[in-house]
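Each chain, letter by letter, is given below.
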There are 2 protein chains.
Amino acid sequence: MNIKAFVFDAYGTLFDVFSVMEKCEELFPNNGEAISQSWRKKQLEYSYLRQMMGKYRPFSEVTRDALRYAVAETGQDLNAEDEEALLGAYKELEVYEEVPQVLKELKEQNVTVAIFSNGSHDMLDPLVAQSPLSDYIDHIISADDVKQYKPTPASYTHVIDSLKITRQDVLFMSSNGWDISGAANFGFNTAWINRKEQPVEELNLQPSSIYHDLTGLKNWK
Amino acid sequence: MNIKAFVFDAYGTLFDVFSVMEKCEELFPNNGEAISQSWRKKQLEYSYLRQMMGKYRPFSEVTRDALRYAVAETGQDLNAEDEEALLGAYKELEVYEEVPQVLKELKEQNVTVAIFSNGSHDMLDPLVAQSPLSDYIDHIISADDVKQYKPTPASYTHVIDSLKITRQDVLFMSSNGWDISGAANFGFNTAWINRKEQPVEELNLQPSSIYHDLTGLKNWK
């Protein structure tokens, strides 16, 4: 199969959000795991709800709102300084161990390498810039450019419009099952990076391939 | 304020889903709480994702798919008999203790009383029929009638189209914060039945009123 562009989701796929959990635990001892899990859950939920209500706001704002809810849920207060520190952690995430080498090898094959994320550029651009990946990423594509969140077909359309290719030319990678479902629904080739050994989503949309981490891409035919 | 129709969400608002958890625990000892929580979470998530992907399926199917995921997540098998038993539990839910008296008093005031739920009629109709509420409910309105899930504006539009009233005539009650946000976004008067003392959703949409249970409605002005 002739893939022209390898397009990666960011959070959980290239970048490990574990350090956000550590920061939560540092600021809210014994509540770090609960807050970080609720934060991630509400972050996704608010993006879905705003999409459905026709009340789009950028992911940086959705992420802030979700954090406020997650902390409020524990009955604790969130001061402005801690809020900034926690949101700042999203711009300093580490990449998963195998990611730089895999992206380096892809670039050596002269294909396009891109990120496509719900994150807005004020989150994504500094994140990539401080990472060891900036030399290997040709395009940072954000759902915010078109104000349509994944998994709407309109969001994935923005990828092929940006890269000026057809959907069959794309291999899309994400660790998020719902994102792979959305990409498969749109007609991308998909590789689900199932880092946590989760079941396939029950949405009648199968990934083209399933790998444990990005090194599995070497087996892509 | 002159309210012509009191419109209630079903699951968690009028009907207590606790008995579903008991059934989960009976069939999957020590995993009942985990499965029932994951089941509810995936049920909502799948309704959102299908809405966004343009791949609507009725809530009865979404509920079945979510159950299959929730059980698979625990590494256990779900046989056809247990699946039917668990889905059947959704049609035999008990109402919260205060509900019959509150609905009876509303009916005595000669206002319209309706249910509006994401549930499809194959779930809702038998549920209401076996409950002590059937005498007090004038209309069972389902998102499935228009194949648009809450919290889309199109779903709430179906309520006023069905009842032939304007949105200002409606007081909408739900225990689900996201549902109240969607109803407020549409322009309904809202009363959030905050049974679990949760924080207000961070979606910049405030409920008109917040009550701990339905008896709070007696304070509605």
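Notes on the structure in this doc start here. (Residues numbered from 1 in each chain as written. Chains lettered and ligands numbered in written order. Predicted model: local features only at pLDDT ≥ 70, side-chain atom pairs only at ≥ 80, totals over all residues. Heavy atoms only, no water.)

Quick notes on the interface of chain B and chain A
The test is simple: Should any heavy atoms of two residues lie within 4.5 Å, those residues are considered in contact. Throughout, the accessible surface (probe 1.4 Å) given up by two parts as they are put together, summed over both, is called the buried area. The term salt bridge refers to a side-chain nitrogen of Lys or Arg lying within 4 Å of a carboxyl oxygen of Asp or Glu. Two N or O atoms count as a polar contact when they lie within 3.5 Å, although within protein this holds only if one can serve as hydrogen donor and the other as acceptor, and sequence-adjacent residues are included solely when both atoms are side-chain atoms. Helix numbers and strand numbers start at the N terminus; a helix is a DSSP run of H or I with at least 4 residues, a strand a run of E with at least 2.
The partner chain A presents 32 residues to the 31 residues of chain B that form the contact. Both faces combined, the contact of chain B with chain A buries some 2800 Å², and carbon together with sulfur accounts for 66% of it. The largest contributions to the chain B side of the interface with chain A come from B:Met52, B:Met53 and B:Glu202, which together make up 26% of the buried area. In this assembly, chain B and chain A are joined by 2 salt bridges. B:Glu201 is paired through a salt bridge with A:Lys42; the nearest N and O atoms lie 2.9 Å apart. The interface formed by chain B and chain A holds 12 residue pairs in polar contact (both at pLDDT 80 or more) in total. Contributions of two or more residues to the side of chain B that touches chain A are made by helix H2 (32–53), helix H3 (59–73) and helix H8 (177–186) of chain B.

Some words on helix H7 (residues 153–163) of chain B
Quick reminder of the rule: Each residue is assigned to one of three classes by its accessible area relative to the maximum for its type, calculated with a 1.4 Å probe on protein chains only: buried under 20%, partly exposed between the two thresholds, exposed over 50%.
Residues of H7(B) that are buried include every one of B:Ser155, B:Tyr156, B:His158, B:Val159, B:Ile160 and B:Leu163, and no others. At its buried positions, H7(B) is contacted by strand E1 (5–8), strand E4 (112–117), strand E5 (139–142), strand E6 (170–174) and H8 of chain B.

A word on the packing of helix H2 (residues 32–53) of chain A against H8(B)
We count it as follows: In this analysis an axis means a line fitted to C-alpha atoms, helices contributing only their contacting stretch, and an angle means the value between N-to-C directions, from 0 to 180 degrees. The cut-offs work like this: below 35 degrees is roughly parallel, past 145 is roughly antiparallel, 65 to 115 is roughly perpendicular, and the gaps in between are oblique. Whether a crossing is left-handed or right-handed is set by the direction in which the near helix is turned from the far one by less than a right angle, anticlockwise for left-handed and clockwise for right-handed.
Interhelical geometry of H2(A) versus H8(B) gives an angle of 25° and a closest axis separation of 11 Å. One way to sum up the angle between H2(A) and H8(B) is to call them roughly parallel. Along this stretch, H2(A) crosses H8(B), giving a crossing that reads as right-handed. Of H8(B), the residues touching H2(A) (which contributes A:Glu45, A:Leu49 and A:Met53) are B:Trp178, B:Ser181, B:Gly182 and B:Asn185.

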